[in-house]
Each structure stands twice: as structure tokens, then as C-alpha cells.
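Notes for the structure review
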Amino acid sequence: MSQSGVGASVAIRGRLLWFDGDPTLEGAAALRFVEDGVVVVEGGMITAVGEARDLLGRLRPNLPLADHRPHLVMPGFIDPHLHMPQTQVIGSYGAELMEWLAKYTFPEESRYGDPAVADAASRFLLSELLRSGTTTAAVYCTSHPQSVDSFFAAAERLGLRMIAGKVMMDRNAPAALLDTAERGYSETKALIERWHGRGRLSYAITPRFAPTSSEQQLEAARALASDHPGLHIQTHLSENAAEIAYVREAFPWSKDYTEVYEHYDLVRPKALFGHCIHLSDRERAALAEAGASAIFCPTSNLFLGSGLFDRAGLMEAGAQIGIASDIGGGTSYSMLRTAAEGYKVLALLGQPLDALAAFHMLTAGNAAALGLDDRIGRLAPGYEADLTVLDSRATPAQSWRMERVETLAEELFVLMTMGDDRATVATYAAGRRLYEKGGRSLPGKQEMPVSAPTRGPGEGGEAQ
Ligand SMILES: [Zn+2]
């Protein structure tokens, strides 16, 4: 595979699928599907997308062709909320949010002052995301600036589009994790200067959530946000009853949880609020009006018993919605599993999530929630060539089920309901194949991506 800089050049053939609109609003008209299509990538950017019969004869000589028929080729999945330092506390037993943080998460995050720990976890996380077909994520590191350096350095080596930030927290946690209002400000400032806009990396101002930041620290977050109006902000909002009760006590002047963030000018476009479960009509309207995004974390919300995300209510209010893994409160790296659990949460509310809406959320919808829908989330000329290749028959159970599937919508629903990382055939970022099923994966200790994958049986040939 020829490569220049971070981006590679390649033609990718398969069953192409993406969304040019929102199927929740436009129905099937939003879907683009090409049964035998080609995505042409030059220098990491998509330059053409169309029917194989039209494009194959026009490819420039020597452009490598990766033939992924009969698999689906989609934009890479986008995960707008997860925690890098929680990959080794996933599946910790028996606690709701506040106890889970105190008992498992904070002691674990305390280890991340050690760069070796943060380096290894960053590499592991990225490798696992790629194995799940995820190419972009919004990531919480720990309060240690080194954890952000580790994560961004690992993402930069792979040429990934990633968003991350140092958690700001100056109260209600072990001393090893606490910064101060001043240190949170200056460390964040230095990290923004070091990393934001470098390659495909973006910095997110990251006050963990109101319970772990003093008013002085939220004031510092406001100053950072005001100095950097284009930056992402990420935090948590209204996940759990005890958390909400604590916020009411700690910020007695505020009429509700959302107003705490509004007061410090943290509710704005590209502000990502994880959970948003127990919001009032006023709070939903406030998020919508400000252009902020509510991030649905279904596996986490079920695992921690936090509650059910009211997608219809937020949509009615006009709020931008994303769906995320929330590793490690969440229990799966797979966005397919995440969508499947999202379906079940919404089923409990009588709000079925159809497959088109779900796959839109995992791609273009999450890109819009991140304010990045002009560059990722679609297969279109001018977009960055981040793609995932999926096998709807990855397991015996899926293959058996597929024998009775007649439509694309059915296939997609089965894929999201039964699929997981085993469905990922290959993952590309900026045109480089960083993961291939059955090929060398990206183990935690390996520095560089797989650039010359071996050909898997039954996966079609690759003409070089
Ligand atoms: Zn979270």
C-alpha cells in the first residue's frame, strides 16, 4: 500500500453504505447504498465514490485496490464519550455511579501519573477501538497531563482523528487525582498549546463533572472556554439520582443541574454532555438552544442502573444527540453492541430505534454531535477516509440468521443486534488499513500500525 505522510492512497471496493441525511427525519431517502461500489482515496482523503463499473476503469495506474466484497464498507464508527483510564475497571461489580467512582474508578485513575501505565492503556484502547471499527472518539484522560500526552502521542502515530482532554477535578476525589483551579487551568492551557490542531488531534476542555469541581475551577473552565471558543468541552450531566442531589446541595443558587454549566458558559456548540438522563423540559430546551450535544451511553446507563435516556424527548426539544460506549462504566467497546443496548433502553420507553437511525447515529449523527460532520462520518469526496468494513455473517449465529434476511434494513438490524468486534473485517484511518481481521492486530506493545496486511481467506484479493 503506497503511503505519503499520514494519509494513504487506495481504492476500496465493497457494498458501500452511508447517510447523506438523517433517516429519523427523512426516512430511507437519507440512506446511500451502492451494492458494488468503490471509494477512491488519495493521500488519506476520499476523492470519488460510486459504482464499481463506473470507477474501476478510471483508477489511476498503480493505485492499490482493496476488494472487500461481499462485506459492507461504511464510514468509521465514532464514539463521542469514553474514558481512556477505565479499560481495566470495566465490569466492576455492584455499584451505582458515585460508589463506582469512589470504589473502583478513582483508585484506578490514580495509577495514571505513571507514564508507562498511561502509554500502555492508550495503545490498548486505540487497538481495541480499531478492532471494533471505531476511528474517532472523544476521550477523557485523567487529571495527570502526562495521560493526555500518552494518548495523543499514540493517536498521532496512527494518524487518527481523536479528541481528548485532561480531566479537571479539584474536590471530592483522592489527593492523587486532584488538581487545583489554577493548576487545572495552566495544565489545560499548556496541553491545548501542545496538542490542539496538531495533525488530526483536537483538545477538549474536560471538567469531569460539577461534583468534582469547585466554583473556582468552573470559573477557570469558563476562562479556558472563552479563550478557545472553537474547542470541544466534555463533561457529565444528570446521570444518577445521588449525583443530582449532590449538585443541588453544592450549588444551591442553581435551579437545576444544567444551569450550573450554563452559569459558567459551558453549554454551547461542541459541548458534549454525557448521559443527560434525568433532565427537565427546561434543561432539554437549554441544551437544544445552545447547540450542545446530549450523549446517550446505553451500556453504561444499564450497567450502573442510572436510568433510561429519553431520545424522543431530547429530539422533540431539538437537541443534538450522540451515542457512545462510555468505557468503562459502559461494558463494550463495540458500537454495534452499544447500538443494540440503545435499542433495548429505548424499547423500554416505547421508542424503537430502527437500524437506519442507529447506523446513522454511529456515523454521520455522531459526527454532527461532535461538530465534525464536514469531515468525517460520510463516504463523500472531500471527506477523510476513515472507514470500517463489516461482515454481516461474522459468526455462525449471524450467518444462520442471515439466511432469512431479505432487505438491507433487516440485515443492518441483525448486524447491530447480534454483531460485535468479530464483525469488523478491516478498519481504515486516513486510507491506511490499521486493522485487519485475521491479520496482525495492533497489540499494546506495538508502536506502528499494520501497513501490509496479509490476505485473509475468503476476503477477496488485493491487487497491488
Ligand atoms: Zn463518562
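Source: prediction; values computed, not measured.

Describing the nonpolar core
The biggest cluster of nonpolar side chains holds 105 residues, and the ones touching the most others in it are F151, L287 and F359. The contact partners of F359, leaving out residues within four places of it in the chain, are F19, M74, F77, L336, L390, L412, L415 and M416. I12, A380, Y383 and V389 belong to the second-largest nonpolar core, a separate cluster that totals 19 residues.

Things to note about helix α3 (residues 97-109)
In this model, α3 (13 residues) spans only 15 Å end to end at C-alpha, well below the 18 Å of a helix rising 1.5 Å per residue. The axis of α3 is deflected most strongly, by about 35°, at K103, and proline P107 appears within four residues downstream. Along α3, the positions that sit buried rather than exposed are L97, W100, L101, Y104, T105, F106, E108 and E109. Looking at the buried side of α3, the elements it contacts are α8 (241-250) and α11 (298-303).

Considerations on helix α4 (residues 115-131)
Between its first and last C-alpha, α4 extends 24 Å over 17 residues, near the 24 Å set by a 1.5 Å rise per residue. Listing the buried residues of α4 in full gives V117, A118, A121, S122, R123, L125, L126, S127, E128, L129 and L130. Looking one or two places after α4, you find G133, whose phi comes out positive at around 85°.

Describing the packing of helix α6 (residues 181-195) against helix α7 (residues 215-227)
Across the interface, α6 lies against α7 with an axial gap of 8 Å and an inter-helix angle of 25°. In terms of their interaxial angle, α6 and α7 are classed as roughly parallel. Of the two elements, α6 crosses α7, and the hand of that crossing is right-handed. Contacts between α6 and α7 involve A181, G184, Y185, T188 and K189 from the former and Q216, Q217, A220, A223, L224 and D227 from the latter. Looking at the contact of α6 with α7 residue by residue, the classes come out as 5 nonpolar, 4 polar and 2 charged.

A closer look at the packing of aromatic side chains
Centre distance and the angle of the planes are the two values used to describe a pair of aromatic rings. Under the counting rule described, the total for this entry stands at 10 aromatic pairs. Measuring from centroid to centroid gives 6.4 Å for W253 and Y264, while their planes differ by 70°, and the two rings are edge-to-face. Of this pair, W253 sits in the loop between α8 and α9 (257-263) while Y264 sits in the loop between α9 and β13 (271-275), placing them 11 residues apart in sequence. Accessibility expressed as a relative area gives 36% for W253, which makes it partly exposed. What makes Y264 buried here is its relative accessible area of 2%. One aromatic cluster in this structure is built from F151, F152 and W195.

Comments concerning empty space enclosed by the protein
Counted under the stated rule, the structure contains 4 cavities of 30 Å³ or more. A volume near 100 Å³ is recorded for the largest cavity. Taken together, H83, Q86, L97, W100, L101, R208, F209, H236, E239, H275, D326 and G329 make up the full set of residues lining the largest cavity. The element contributing the most residues to the lining of the largest cavity is α3, with 3 residues.

Describing the coordination of the zinc ion
Around the zinc ion, the protein supplies H81 (NE2), H83 (NE2), H236 (NE2) and D326 (OD) as donor atoms, at distances of 2.1 to 2.5 Å. Ordering the donors of the zinc ion by residue number gives the pattern H-x1-H-x152-H-x89-D. One exposure class covers both H81 and H83, and it is buried.

Here is what the cut-offs are and how they apply
- Residues numbered from 1 in each chain as written.
- Predicted model: local features only at pLDDT ≥ 70, side-chain atom pairs only at ≥ 80, totals over all residues.
- Heavy atoms only, no water.
- Core = buried A, V, L, I, M, F, W, Y, C linked by side-chain atoms within 4.5 Å.
- Buried < 20%, exposed > 50% of the residue type's maximum accessible area, 1.4 Å probe, protein only.
- Contact = heavy atoms within 4.5 Å.
- Helix = DSSP H or I, 4+ residues; strand = E, 2+ residues; numbered from the N terminus.
- Expected span 1.5 Å × (residues − 1).
- Bend = angle between axes of the 7 residues up to and from the residue.
- Axes fitted to C-alpha atoms, helices over the stretch in contact; angles between N-to-C directions.
- Parallel < 35°, antiparallel > 145°, perpendicular 65-115°, else oblique.
- Left-handed = near helix turned anticlockwise from the far one by under 90°.
- Nonpolar A, V, L, I, M, F, W, Y, C, P; charged D, E, K, R; others polar.
- Phe/Tyr/Trp six-rings, centres within 6.5 Å; stacked < 30°, edge-to-face > 60°.
- 1 Å grid on protein atoms, 1.4 Å probe; cavity = no way out; pocket = protein on both sides within 12 Å on 5 of 7 lines; lining within 4 Å.
- Points joined across faces, edges and corners; volume = space filled by probe spheres on them.
- Donors = N, O, S within 2.8 Å, 3.2 Å for Na, K, Ca; no water.

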